[in-house]
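Geometric and topological summary
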Amino acid sequence: MDLKIFENLATEKTEIEQFLAAPDAFSDPDFAAKSRRLAEIEKILNLKSSIDQHEKLLAETRELTNDPELGSLAQADVETYTAKLAEETAALEELLLPHDPADDKPIIMEIRAGAGGDEASLFAGELYRMYVRYAERHGLKVELMSESPNEAGGMKEVIVRLTGEKPYGQLKFEGGVHRVQRVPVTESQGRIHTSTATVAVLPEAEETDLEIKPEDLRIDIYRSGGHGGQGVNTTDSAVRITHLPTGLVVAMQDERSQQQNRVKAMLVLRSRLIERQKQEEMKAASNARKSLIGSGDRSEKIRTYNFPQDRITDHRIHFSRSNVSAAMDGDIDDLIHNLTLAERENHQNA
């Protein structure tokens, strides 16, 4: 590896530390981004320091392998240090690869029941709980923005916001159609049904990312219904925003305040518009630039959860594994890891 990379990172680290040490740094718009970048650099430099230390230990230990008394012990240490170095070097190479600038962004995740009636709604609810549990395992914070439950106990639609370390980087491959195959609880004859739910994963857009003209919006205010707690239905607090040029509609009613619902609706609308723009750019791009994230088309089947066979299959990378129940409890790290590796290979071969 080029040592100049680490010299440059050390210089950048010093500059960021000086910036963060300033009395008014916390009020600077770049504070959060700089803090994240500092953590990234420290992780890289600490790993490089550990590699250097293990390389030194490995060289010293190899000299002892011919010692009549210490040879066998030294050889065992050589094997340990060699394995550790391989592991650390691979991790460092991964950290040094260019990454999507959107990886650090919070995400808006929308989960909707697809084909399959009540069973599809139950599955959508299970996917929601799967991602909540995944988030808990990985230190991501989940904010429920909107939900529309059905009488069967599932979800017709649920929208959440996830924040923390690289939310989009962790979950960007989850967008598309998820298919479940199993015997529904309502099925008396034991027949296997196939149902679907769609997932959209949108990097959160900031106001500066996209200008939305006021004249392009129609904003309707109405009385909330359903969830929200005592008093939510007594005022006209629900907000529905229609983006006239595209026909996109976002409705929010879970907050008591009209202003809070309006802010949430605009956040979702802006993120959807940015995603729509990205999809159009990808459709116009050459095949070499296409990726595993795909076009974002919600008709694109990405994964099947087969309960009778206890098998999950991700169709984009032809990866299968067992233990569906563990996955539904948030254990999807292997799926995300293999998708990330495949995406990296795609970019390297493009």
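Report follows, based on the coordinates. Because the structure is a prediction, the values reported are computed rather than measured.

A tally of regular secondary structure across the chain gives eight helices and 11 strands. Along the three orthogonal principal directions, the C-alpha set of the chain runs to about 85 × 65 × 45 Å. Burial status across the chain gives 40% buried among its 350 residues. Taken as a whole, the chain presents about 19100 Å² of accessible surface, with 49% of it coming from carbon and sulfur. The distance from the centre of the 44 positive side-chain charges to the centre of the 61 negative ones in the chain is 7 Å.

Here we come to a nonpolar patch on the surface. A surface patch of nonpolar side chains, amounting to about 270 Å² of accessible area, comprises L64, L70 and L73. One can find L73 in helix α3 (residues 71–96).

A separate point is the pattern of salt bridges. Oppositely charged side chains can pair when the atoms bearing their charge come close. Applying the stated criterion across every chain yields a total of 25 salt bridges. Residue E143 is joined to R161 by a salt bridge in which the shortest nitrogen-to-oxygen separation is 3.6 Å. On the criterion of sequence distance, the pair formed by E143 in strand β2 (residues 141–149) and R161 in strand β3 (residues 155–163) is long-range, its members being 18 residues apart. Assessed through its relative accessible area of 22%, R161 is described here as partly exposed. Across the pair R240 and D220 runs a salt bridge, and its minimum N-O distance is 3.8 Å. Residue R240 is located in strand β7 (residues 238–243), and its partner D220 is located in strand β6 (residues 217–222); the two are separated by 20 residues in the primary sequence. Using a relative accessible area of 31% as the deciding quantity, one classes R240 as partly exposed. Among the charged side chains, a network of salt bridges with common partners joins E12, R37, E40, D104 and K166.

In sheet architecture, strand pairing relies on hydrogen bonds along the backbone and comes in two forms, parallel and antiparallel. Spatial ordering of the open sheet is given by β6-β7-β8, a layout of three strands whose pairing is antiparallel. Of all the strands in the sheet, the pair left with one neighbour each is β6 and β8 (248–252). Each adjacent strand pair in this sheet contributes to an overall mean axis angle of 15°, direction not counted. Alignment of β6 against β7, held across six bridges, turns out to be antiparallel. Its bridge partner being in β7, L217 is matched across the sheet by H243.

This part takes up the nonpolar core. Judged by nonpolar contacts, the single largest core of 37 residues is most densely connected at M109, I111, L127, Y131, L171 and Y305. Mapped by element, the contributors of at least two residues to this core are β1 (107–113), α4 (117–137), β3, α5 (167–171), β5 (193–203), α7 (324–328) and α8 (333–349). The dominant element in this core, judged by the number of residues it contributes, is α4, at nine residues. Core analysis: the second largest hydrophobic core is formed by 19 residues, L210, I212, L267 and L273 among them.

A few words now on the sheet that holds β3. An order of β2-β3-β1-β5-β4-β9-β10-β11 is seen for the eight strands of this open sheet, with the pairing classed as mixed. Every interior strand has two partners, whereas the edge strands, β2 and β11 (319–322), have only one. Direction aside, neighbouring strands of the sheet carry axes that sit 15° apart on average. Bridge count between strand β4 (residues 176–182) and β5: seven bridges; the pairing is antiparallel. Counterpart to G176 in the pairing with β5 is V199.

What follows covers the pairing of strand β10 (residues 311–314). In this structure, strand β9 (residues 301–306) lies alongside β10, joined through four bridges in antiparallel fashion. Counted as the bridge partner of Y305 is I312 from β10. Hairpin geometry of β9 and β10 is characterised by an intervening segment of four residues between the two adjacent antiparallel strands and by a positive phi of about 50° at D310. Relative to β11, β10 is paired through four bridges, and the arrangement is antiparallel. In the strand pairing of β11, R311 is matched with S322. Connecting the antiparallel pair β10 and β11 is a turn made up of four residues, with H318 showing a positive phi of about 55°.

This next bit is on the packing of helix α2 (residues 31–62) against α3. For any two helices packed against each other, one specifies the crossing angle of their axes together with the interaxial distance. Between α2 and α3, whose axes approach to 9 Å, the crossing angle comes to 155°. Put simply, α2 runs roughly antiparallel to α3. Classified by chirality, the crossing of α3 by α2 is left-handed. Partitioned by chemical class, the residues of the contact of α2 with α3 number 13 nonpolar, five polar and seven charged.

Right, let's talk about α3 for a bit. Taking 1.5 Å of rise per residue, the 26 residues of α3 would be expected to cover 38 Å, and the 37 Å separating its terminal C-alpha atoms lies within 8% of that figure. Of the surrounding elements, those touching the buried residues of α3 are α1 (3–21) and α2.

Taken N-terminus to C-terminus, the directions of α1 and α2 make an angle of 140°; their axes are 9 Å apart at the nearest point. The angle between α1 and α2 places the two elements in the oblique class. Between α1 and α2 the crossing geometry is left-handed. Every residue of α2 that contacts α1 at L3, F6, L9, A10, E12, K13, I16, E17, F19 and L20 is listed here: F31, K34, S35, R37, L38, I41, E42, I44, L45 and K48.

Rules behind the numbers
- Residues numbered from 1 in each chain as written.
- Predicted model: local features only at pLDDT ≥ 70, side-chain atom pairs only at ≥ 80, totals over all residues.
- Heavy atoms only, no water.
- Helix = DSSP H or I, 4+ residues; strand = E, 2+ residues; numbered from the N terminus.
- Buried < 20%, exposed > 50% of the residue type's maximum accessible area, 1.4 Å probe, protein only.
- Areas by Shrake-Rupley, 256 points an atom, 1.4 Å probe, with all protein chains shown as cover.
- Lys, Arg positive; Asp, Glu negative; His and termini not counted.
- Charge placed at Lys NZ, Arg CZ, Asp CG, Glu CD.
- Patch = residues over 30% accessible without salt bridge, like charges linked within 9 Å, V, L, I, M, F, W, Y side chains within 5 Å.
- Salt bridge = Lys/Arg side-chain N within 4 Å of Asp/Glu carboxyl O.
- Pairing = 2+ DSSP bridges.
- Axes fitted to C-alpha atoms, helices over the stretch in contact; angles between N-to-C directions.
- Core = buried A, V, L, I, M, F, W, Y, C linked by side-chain atoms within 4.5 Å.
- Parallel < 35°, antiparallel > 145°, perpendicular 65-115°, else oblique.
- Left-handed = near helix turned anticlockwise from the far one by under 90°.
- Nonpolar A, V, L, I, M, F, W, Y, C, P; charged D, E, K, R; others polar.
- Expected span 1.5 Å × (residues − 1).
- Contact = heavy atoms within 4.5 Å.

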